[in-house]
Amino acid sequence: MSDYADLYQAILEGNAKKAKEVTERALAEGADPLELLDRYMIPAMDEVGRRFDCQEYFVPELLIAGRAMETALQLISPLLAEGGGARAGKVIIGTVKGDIHDIGKNLVISMLKGGGFEVIDLGVDVPAERFVEAVGNQENIIVAMSALLTTTMGYMREVIKALREAGIRDRVKVMVGGAPITQRFADEIGADGYSENASGAVGLARRLLGLASSA
Amino acid sequence: MVRQFRQLTIIGESINDSVPSTHQLLESGNLQALVELACKQAEEGADYIDVNVGARAPELMAELVRRIQEVLDRPLVIDSPDIQIAEAGLRAYDPARAGGQKPILNSISLGRIEMLRLLAIQPCKVVLLVSEHVVDGRTSLCTTAEDSYRAAQKLVELVRETGFSLSNDDLIIDPGLTPLATDTGGHLNRVLQTFVRVREDQDLAGVHFVVGLSNLTVMLPSKRADGSPVKGPLQNAFLTKAVPLGLDMIVASTSRRYSLLPAEHPAVRCLEQCIANPGLAAVLAVRDFYKSGGSL
Ligand code: B12
């Protein structure tokens, strides 16, 4: 396949227009969509995450790159679906009941999408039943929760309890995050994983589902 | 601190569990250092001192309020979304030690109306947070100024129904300032237009407005490549837009200088772009502001 390093660059710079152009050109030239994703797009988002971690990038750059990534994804995902379904796993995510902070959750979502995950966003102020409903009879997926208030973080425990009572706790992996959450808290409430930031959330999700890291 | 705005009441923000250095003091139970922090902010010009102890024992809130009031005559803001902690703070507050001034309760919102009962404890001023409303039983973020204005009307109505005789002068409306770094939803416009809408309503004449000014610039770098500051100018640019619309109180750092900026200042230009082009374009304008290392 010819070199579409421009696509990597466009996403890294957050240039949605260029990302769209290069993707369209690549597809017209018969490029393999899966390869575009694995060779350029996901590595670009991984690099965005790395730069964010070492404060070369800030949240605006993250959002802008995320948008460029989405633009390219929209072009290739119909083709990927034809080729055989979701690639990375699926994540059901929401900010827990009583809490409407969603900036961190939305960043986690855009990084997860950047990492190839399918994401179902339940929004904010999400009661336990809605998490349970959303899981339904699916398995091997992730339930992710966000909380920014010390008065709402305890509700994560309720959600895990509800999953257990519905008999579906073993079918899913639970990951949690948000400013007041710590690894210790995550362990205490019986979550499977915690990450302190959005780029870490992608690696964590991959590990929880036993997927190889692309980095 | 140089007070450029005589009409702007400053609430010192530093005693807050989400400030890392304060978190340490709270963790180690160093009340003396927290009292000193209150005094330092008062010296730097704070009209009120905010007191937020995070998720800790209500008794700690009470104790801190008492200890601060032993040495300082400034009124306090009792700041907690937890009703028990807020209650403990209000019960401990003694207006006589603050020259008769009432405390401010921060805050009541439509998602937390059970806190209304705290107004019975003693005469106080109250922050009404109007960034959220309840739709079909679920709390969500207001997306338009109209949503926020309605939330304000509703909260004022609920406060009046309690019969605890708060006047409009006791009511402080907080539209909920959200960070520029992620404002793809036009929240800057929502906030500014909320001031306009509330001021048009005669029934709300004389209410005050407050914002948490630092919220505006969270997640932004503190300096540009050339070393010039990012956050201070953007906060001042916000004041330049909001004070003429009626903003008269800020929860803010007492170590910054606040001033109105000239219309051609790059930070004002940046905010004007955010106002004119809400959406991802606004976030791009903010990025361009801190990426262009220009002279200020
Ligand atoms: C913006 C903001 C708001 C906005 C929210 C807008 C929105 N759309 O989200 C508004 C104005 C509405 C708001 C309201 C309130 N807020 Co507020 N808010 C903030 C603020 C300024 C920034 C939060 C933020 O977005 N951070 C940036 C994001 C990117 O960080 P993050 O959320 O932590 O997410 C990162 C990680 O935690 C992680 N992560 C997050 N979620 C997840 C999930 C998973 C699964 C994983 C793996 C990782 C992960 O990845 C993210 C990216 O790296 C903070 C103060 C601050 N400086 O942090 C206060 C703050 C969180 N708010 C606070 C409070 C108290 C409130 C209010 C109760 C009112 C008040 N008195 O201020 C209301 C409550 C509303 C409600 N019912 O929830 C307190 C919380 C105190 C506490 N510890 O309980 C804070 C700390 C402010 C303070 N100093 O008092 N707020």
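Basis of the calculations
- Residues numbered from 1 in each chain as written.
- Chains lettered and ligands numbered in written order.
- Predicted model: local features only at pLDDT ≥ 70, side-chain atom pairs only at ≥ 80, totals over all residues.
- Helix = DSSP H or I, 4+ residues; strand = E, 2+ residues; numbered from the N terminus.
- Rg over C-alpha atoms; globule rule 2.2 N^0.38 Å.
- Buried ≥ 20, exposed ≤ 12 C-beta atoms within 10 Å, placed from the backbone.
- Pairing = 2+ DSSP bridges.
- Right-handed = clockwise from strand over helix to strand, strands pointing away.
- Near = placed C-beta within 6 Å.
- Contact = placed C-beta atoms within 7 Å.
- Nonpolar A, V, L, I, M, F, W, Y, C, P; charged D, E, K, R; others polar.
- Expected span 1.5 Å × (residues − 1).
- Core = buried A, V, L, I, M, F, W, Y, C linked by C-beta atoms within 7 Å.
- Domains from an automatic or database assignment.

Concerning the overall build of chain A
In terms of helices and strands, chain A carries nine helices and five strands. Starting at the N terminus and walking to the C terminus, you meet the elements of chain A as α-α-α-α-β-α-β-α-β-α-β-α-β-α. Whereas a compact globule of 215 residues would reach a radius of gyration of roughly 17 Å, chain A reaches 18 Å, a difference of no more than 12%. The C-alpha extent of chain A, read off along each of the three principal axes, is 50 × 35 × 25 Å.

A few points about the pairing of strand 1 (residues 90–95) of chain A
Residues and elements named next belong to chain A. In terms of burial, strand 1 is a largely internal element, five of the six residues being buried. In the sheet, strand 1 pairs with strand 2 (residues 118–121) via four bridges, with the strands oriented parallel. For I92, the partnering residue across the bridge sits in strand 2 and is I120. Read from strand 1 through helix 5 (residues 103–114) to strand 2, the crossover connection turns out right-handed. Pairing of strand 1 with strand 3 (residues 141–146) involves five bridges; the strand directions are parallel.

Points about the site of the ligand
Taken together, 46 residues surround the ligand, and among them I103, G104, S146 and G177 of chain A together with G176 of chain B come closest. What surrounds the ligand is not a single chain but chains A and B. Mapped by element, the contributors of at least two residues to the shell around the ligand are helix 5, strand 3, strand 4 (172–177) and helix 9 (198–208) of chain A together with strand 4 (104–108) and strand 7 (138–141) of chain B. With five residues, the top contributor of residues to the shell around the ligand is helix 5 of chain A.

Focus on the interface of chain B and chain A
Facing 21 residues of chain B, the contacting portion of chain A comprises 14 residues. Elements that contribute at least two residues to the side of chain B that touches chain A include exactly strand 7 and helix 9 (280–291) of chain B. Broken down by element, the residue count for the side of chain B that touches chain A peaks at five residues, all from helix 9 of chain B. Tallied by class, the residues present in the side of chain B that touches chain A amount to 12 nonpolar, five polar and four charged.

Side note on helix 7 (residues 231–242) of chain B
Residue and element names in this part refer to chain B. End to end, helix 7 covers 16 Å across 12 residues, agreeing with the expected 16 Å (1.5 Å per residue, within 8%). With nine of 12 residues buried, helix 7 is to be regarded as a mostly interior element. Restricting attention to buried positions, one finds in helix 7 the residues K231, P233, L234, Q235, N236, A237, F238, L239 and A242.

Observations concerning the nonpolar core
Most often, soluble globular proteins have nonpolar side chains that are buried together. By size, the foremost hydrophobic cluster in this structure holds 163 residues, and its most contacted members are L7, I11 and M41 of chain A together with V126 and L128 of chain B. Counting the residues that make up this core, at least three belong to each of domain 1 (5–84) and domain 2 (90–208) of chain A. Leave out the neighbours within four places in its chain, and M41 of chain A touches L7, I11, L36, M69 and A72 of chain A.

Some words on unusual backbone geometry
Backbone torsion omega between N106 of chain B and S107 of chain B reads 5°, so that peptide bond is classified as cis. Assignment of secondary structure puts S107 of chain B in strand 4. Residues other than glycine seldom take positive phi values, yet D125 of chain A does so here, at roughly 55°. Its location among the elements puts D125 of chain A in the loop between strand 2 and helix 6 (128–135). Here the phi dihedral of S165 of chain B falls at roughly 50°; this positive angle occurs in a residue that is not glycine.

Re the domain arrangement of chain A
Quoted interface sizes are often the accessible area lost when the parts come together. Residue and element names in this part refer to chain A. If you check the domain split of chain A, you get domain 1 (5–84) and domain 2 (90–208). Across the contact, 12 residues belong to domain 1 and nine residues belong to domain 2. Class assignment of the residues belonging to the side of domain 1 that touches domain 2 gives a composition of eight nonpolar, two polar and two charged.

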